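Structural overview
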Amino acid sequence: MFLSFDYLIVLVGGTIIGITLGALPGLGPAFTLALFLPVTFGMDPAVALVFLGALYSASVFGGAITAILINAPGTPGSVATTFDGYPLAQQGKGGLALGAAATASLIGGIVGFIALAGLSPLIASIALQFNAATYFMLAIFGLSMVAFASQGNTLKGLMLAGLGLIISFIGRDPVSGGLRFTFDNVYLEDGISFVPAAIGLFALSQAFILLGKGGTISKIEGTISKVRDGMVETFKRPVNLIRSSTLGVVLGAIPGVGISIANFVAYLFEQRSSKKPKSYGKGNVGGVIAPESANNATSVAELIPAITLGLPGGATSAIFLAAITLHGLQPGAAFFSSDSAISYIVFVGMLLSQFAFFVLAMIGMKYFVKVTLVPNEILGVAIITLALVGSYAYQYKVTDMFIAIAFGVLGYIMVKYHYPLAPLILGLVLGSMVESNYRRALLMSDGSHSIFFTPFPLTILIITILILVFPFLIKTIKNINKKENDYDNNQTLS
């Protein structure tokens, strides 16, 4: 069926559109699917879902292009990719970083497909057992990673994570609905939107820096690494690939987590597992592979609860779920039985869309990387334009543009005085998840904290404590062994 013209044209067309829109800061997969959903109304249901699947996968990857080349993540899921992707571009290794990102995204998408096609019922049933207390512990686990995101300055990291939490509390109380910190401003009633904040913090701040520097992004004039080198480097790190992809699948199957959190968790987990954690943030290709493989695994895995249970894992999968129902199909058992071919067409379409964006990306990559040789003055103006347009396009609110500008100024000041950006974003992303699930859990247990010590939450808490304590234990053991060896040596000399 996929050899027919209809399927091939929507697969290729959806991939090209997805990569293009995904690379534009602020738009991302949710915007892309929402924009093109009306276009599918006249299509056959199977063709429409394949088209949307191609848009979905390609736009998730597209965000890595600008994240790596100009430090402006195209999607919230590409924020962590900037940490090492952009330093690689500055070293004239933009091709290597893009090749690694494309290859890691392909592998992550394949792992996500395997979970979607083979493990949907099992993973969805496990995720369905997660209650508010479990989600709270997951958020605490994410916040505990702030020490690793701070890259050696834990105090600054904790302070910025706290600031992110405070900003996330602006708006309506998630339980009572009361207004907090709005200062009678109607816009603030819905809180500070993550997308314009991320655009300002990363894209606009980078534009301001580029305008002040002059020159070009690549510090090595005229030198661009080969994309093929990125492919080779990716396959040299199979543990990173499998671990990050598996992590992406697990987080994707949990409704409400999504790629905004998965890319951070995968990056920080990989940094913590590395023998050279201090090399991250300075151009380590492993810091590109981890978030990108997790991103695409998460994006595919988000469809597991959507298709099997009718519970979308995030905003994009919610739109995909809406497309399923709009085309006369029903999620759950009915999706697999209403039409003997439809479920398999969707699954195979998601798989082929991974290869489609990979092939098209590899063809165009040698042209993409030349962006790093464009004068910074031109790039800076282009980034500011795209960032402001992307901020406005997110909710069609002019106020979002002002939010982006405010965070852009804040990001510029933070970079200038060597404050890490990641903890602030982590606090902003996880703030609502921490507060709302903590209070819901207490409502469920009539105010008793014993609910946080049930099997799932307790397991996550133990894992979090072990991850935080383990490096200190290793360091203490090494110090004890060193002292014992020094003592034995002194005794021998005596």
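Scroll up to find the structure.
First, a word on what this report is: a plain description of the structure on this page. Keep in mind that this is a model prediction, so the values were computed, not measured.

Points about the overall build of the chain
Across its full length, the chain carries 22 helices and two strands. Per-residue burial for the chain yields a buried fraction of 55% across its 494 residues. When contacts within the chain are restricted to residue pairs at least 6 apart in sequence, those whose partners lie at least 24 apart make up 79%. Counting every atom, the chain has about 20,900 Å² of accessible surface; 69% of that belongs to carbon and sulfur.

Some thoughts on helix H1 (residues 5-23)
Each turn of an α-helix holds 3.6 residues, which means side chains three or four residues apart point in the same direction. Helix length check: H1, at 19 residues, gives a terminal C-alpha distance of 27 Å against a target of 27 Å (1.5 Å per residue), a fit within 8%. Buried residues of H1: Tyr-7, Val-10, Leu-11, Gly-14, Thr-15, Gly-18, Ile-19, Leu-21, Gly-22 and Ala-23, and no others. The inward-facing, buried residues of H1 contact helix H2 (28-36), helix H3 (45-70) and helix H18 (342-368).

Examining empty space enclosed by the protein
With the rule as written, the count across this model stands at two cavities of 30 Å³ or more. One number sums up the size of the largest cavity: a volume of about 60 Å³. Lining the largest cavity we find ten residues, and of these Pro-73, Thr-75, Pro-76, Ala-198 and Ile-199 sit closest to its centre. Classifying every residue of the lining of the largest cavity by side-chain character gives seven nonpolar, three polar and no charged. Each pocket or cavity is described by its volume, and for the second largest cavity that value is around 30 Å³. Along its surface, the second largest cavity is lined by Arg-243, Ser-244, Leu-247, Ala-266, Phe-269 and Glu-270. Looking at the lining of the second largest cavity, the elements that each hand over two or more residues are helix H12 (238-252) and helix H13 (259-273). Residues that form the lining of the second largest cavity fall into these classes: three nonpolar, one polar and two charged.

Quick look at the pattern of salt bridges
Inspection of every chain in the model, using the stated rule, returns nine salt bridges. In this structure, Glu-189 engages Arg-172 in a salt bridge whose closest nitrogen and oxygen atoms are separated by 3.4 Å. Taken as a pair, Glu-189 in the loop between strand E2 (179-180) and helix H10 (194-213) and Arg-172 in strand E1 (residues 171-172) lie far apart in primary sequence, 17 residues in all. One salt bridge in this structure joins Arg-439 and Asp-173, with 2.5 Å as the shortest N-O distance.

Examining the packing of H3 against helix H5 (residues 94-118)
The N-to-C vectors of H3 and H5 enclose an angle of 160 degrees; their axes lie 10 Å apart at closest approach. Here H5 runs roughly antiparallel to H3, going by the angle between their axes. When the axes of H3 and H5 are compared, the crossing they make is right-handed. In contact with Phe-61, Ala-64, Ile-65, Ile-68 and Leu-69 of H3, H5 contributes Gly-94, Ala-97, Leu-98, Ala-101, Ala-102 and Ser-105. Its residues assigned to classes, the contact of H3 with H5 comprises nine nonpolar, two polar and no charged.

Section: a nonpolar patch on the surface
Residues Tyr-392, Tyr-396, Val-398, Phe-402, Ile-405, Val-409, Tyr-412, Ile-413 and Tyr-417 make up a contiguous nonpolar surface patch of roughly 890 Å² in combined accessible area. Of the residues forming the nonpolar patch, the biggest block, six residues, is contributed by helix H20 (residues 398-416). Along the chain, Ile-413 turns up in helix H20. On the basis of relative accessible area, Ile-413 is assigned to the partly exposed category, the value being 43%.

Details of the environment of Tyr-7
Mapped onto the secondary structure, Tyr-7 falls in helix H1. Put simply, Tyr-7 and Ala-48 are 41 residues apart on the chain and 9.2 Å apart in space, counted from C-alpha to C-alpha. Once residues within four sequence positions are removed from consideration, Tyr-7 is found in contact with Met-1, Phe-2, Asp-44, Ala-46, Val-47, Val-50 and Ile-345.

Description of the nonpolar core
Across soluble globular proteins, nonpolar side chains have a tendency to be buried as a group. Of all hydrophobic cores here, the largest spans 83 residues; its most connected members are Leu-52, Phe-61, Ile-68, Leu-116 and Phe-320. Beyond its immediate sequence surroundings of up to four residues, Leu-52 is in contact with Leu-33, Leu-37, Thr-40, Phe-320 and Ala-323. Counting 52 residues, the second-largest nonpolar core is a separate cluster that includes Ala-132, Val-265, Leu-428 and Ala-441.

Some remarks on helix H11 (residues 227-235)
Taken residue by residue, H11 has Val-227, Gly-230 and Thr-234 as its buried positions. On an axial view of H11, the arc spanned by its buried residues comes to 50 degrees, and they lie on one face. Facing away from the buried side of H11 by over 90 degrees, the exposed positions are Arg-228 and Phe-235.

Things to note about unusual backbone geometry
For Phe-183, which is not glycine, the phi torsion reads 55 degrees and is therefore positive. With respect to the helices, strands and loops of the structure, Phe-183 is situated in the loop between E2 and H10. Given a relative accessible area of 72%, Phe-183 falls into the exposed group. The backbone of Asp-446 shows a phi angle near 55 degrees, a positive value even though the residue is not glycine. Tracing the chain through its elements places Asp-446 in the loop between helix H21 (422-444) and helix H22 (455-493). Among the residues examined, Asp-446 registers a relative accessible area of 74% and is labelled exposed.

Cut-offs and rules
Residues numbered from 1 in each chain as written. Predicted model: local features only at pLDDT ≥ 70, side-chain atom pairs only at ≥ 80, totals over all residues. Heavy atoms only, no water. Helix = DSSP H or I, 4+ residues; strand = E, 2+ residues; numbered from the N terminus. Buried < 20%, exposed > 50% of the residue type's maximum accessible area, 1.4 Å probe, protein only. Contact = heavy atoms within 4.5 Å. Areas by Shrake-Rupley, 256 points an atom, 1.4 Å probe, with all protein chains shown as cover. Expected span 1.5 Å × (residues − 1). 1 Å grid on protein atoms, 1.4 Å probe; cavity = no way out; pocket = protein on both sides within 12 Å on 5 of 7 lines; lining within 4 Å. Points joined across faces, edges and corners; volume = space filled by probe spheres on them. Nonpolar A, V, L, I, M, F, W, Y, C, P; charged D, E, K, R; others polar. Salt bridge = Lys/Arg side-chain N within 4 Å of Asp/Glu carboxyl O. Axes fitted to C-alpha atoms, helices over the stretch in contact; angles between N-to-C directions. Parallel < 35°, antiparallel > 145°, perpendicular 65-115°, else oblique. Left-handed = near helix turned anticlockwise from the far one by under 90°. Patch = residues over 30% accessible without salt bridge, like charges linked within 9 Å, V, L, I, M, F, W, Y side chains within 5 Å. Core = buried A, V, L, I, M, F, W, Y, C linked by side-chain atoms within 4.5 Å. Arc of directions from axis to C-beta.

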